[in-house]
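Chain by chain, the residues:
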Amino acid sequence: MLSKVIPLYPTVKAFDYKKEEGLYFTLMMSTGLTFGTISALFGLNHGVITQAQYSYLVATVIGSAVIPTMIANAWFMPRHLLVTKAKEAPTLSPVVSEEAT
């Protein structure tokens, strides 16, 4: 996982994100789900790996995506960019139908 995070962090910092935001975006972009699953499927289809090895590889690829996502959401989420509940729900007056009057 470090091999995915180390090259991404300087790239994210080049866009002037603050430290917490930079770590969040780095962890979210370092998953590699597509390449990992496609390369494992290629190996399975061409007889390079067995079905059991394929299952372990796919589980590892999914785990290497879930763990950074959980870490990013738990400790580095830029909460100041989230919409609060008060801003999210507009105050609307109830609509009264003509039949009710």
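As for a nonpolar patch on the surface
Side chains of Leu-33, Ile-62, Val-66 and Met-70 sit close together on the surface and give an oily, nonpolar patch of about 350 Å² of accessible area. Relative to the helices and strands, Val-66 is located in helix α4 (residues 51-76).

Brief notes about the nonpolar core
By size, the foremost hydrophobic cluster in this structure holds five residues: Val-5, Tyr-24, Leu-27, Ala-72 and Met-77. Non-local contacts of Val-5, meaning those with residues more than four positions away in its chain, are made with Thr-26, Leu-27 and Ser-30.

Description of helix α3 (residues 33-45)
With 13 residues, α3 extends 18 Å from end C-alpha to end C-alpha; this agrees with the ideal 18 Å at 1.5 Å per step. Where the residues of α3 are buried, they touch α4. Immediately beyond the C-terminal end of α3, within one or two residues, lies Gly-47, with a positive phi of roughly 75°.

Here we look at the confidence of the model for the chain
Taken as a whole, the chain shows an average pLDDT of 79; of its residues, 78% reach a score of 70 or greater. Mean pLDDT values over the elements of the chain span from 57, in helix α5 (residues 85-88), up to 92, in α3.

Quick look at the packing of α3 against α4
For any two helices packed against each other, the geometry comes down to the angle between their axes and how far apart the axes lie. Relative to each other, α3 and α4 sit at 175°, their axes nearing to 9 Å. The orientation of α3 relative to α4 falls into the category roughly antiparallel. Within the contact between the two elements, α3 uses Leu-33, Gly-36, Thr-37, Ala-40, Leu-41 and Leu-44 and α4 uses Gln-51, Tyr-54, Leu-57, Val-58, Val-61, Ile-62 and Ala-65. For the contact of α3 with α4, a count of residues per class yields 10 nonpolar, three polar and no charged.

Definitions and limits used
Residues numbered from 1 in each chain as written. Predicted model: local features only at pLDDT ≥ 70, side-chain atom pairs only at ≥ 80, totals over all residues. Heavy atoms only, no water. Patch = residues over 30% accessible without salt bridge, like charges linked within 9 Å, V, L, I, M, F, W, Y side chains within 5 Å. Areas by Shrake-Rupley, 256 points an atom, 1.4 Å probe, with all protein chains shown as cover. Salt bridge = Lys/Arg side-chain N within 4 Å of Asp/Glu carboxyl O. Helix = DSSP H or I, 4+ residues; strand = E, 2+ residues; numbered from the N terminus. Core = buried A, V, L, I, M, F, W, Y, C linked by side-chain atoms within 4.5 Å. Buried < 20%, exposed > 50% of the residue type's maximum accessible area, 1.4 Å probe, protein only. Contact = heavy atoms within 4.5 Å. Expected span 1.5 Å × (residues − 1). pLDDT = per-residue confidence, 0-100. Axes fitted to C-alpha atoms, helices over the stretch in contact; angles between N-to-C directions. Parallel < 35°, antiparallel > 145°, perpendicular 65-115°, else oblique. Nonpolar A, V, L, I, M, F, W, Y, C, P; charged D, E, K, R; others polar.

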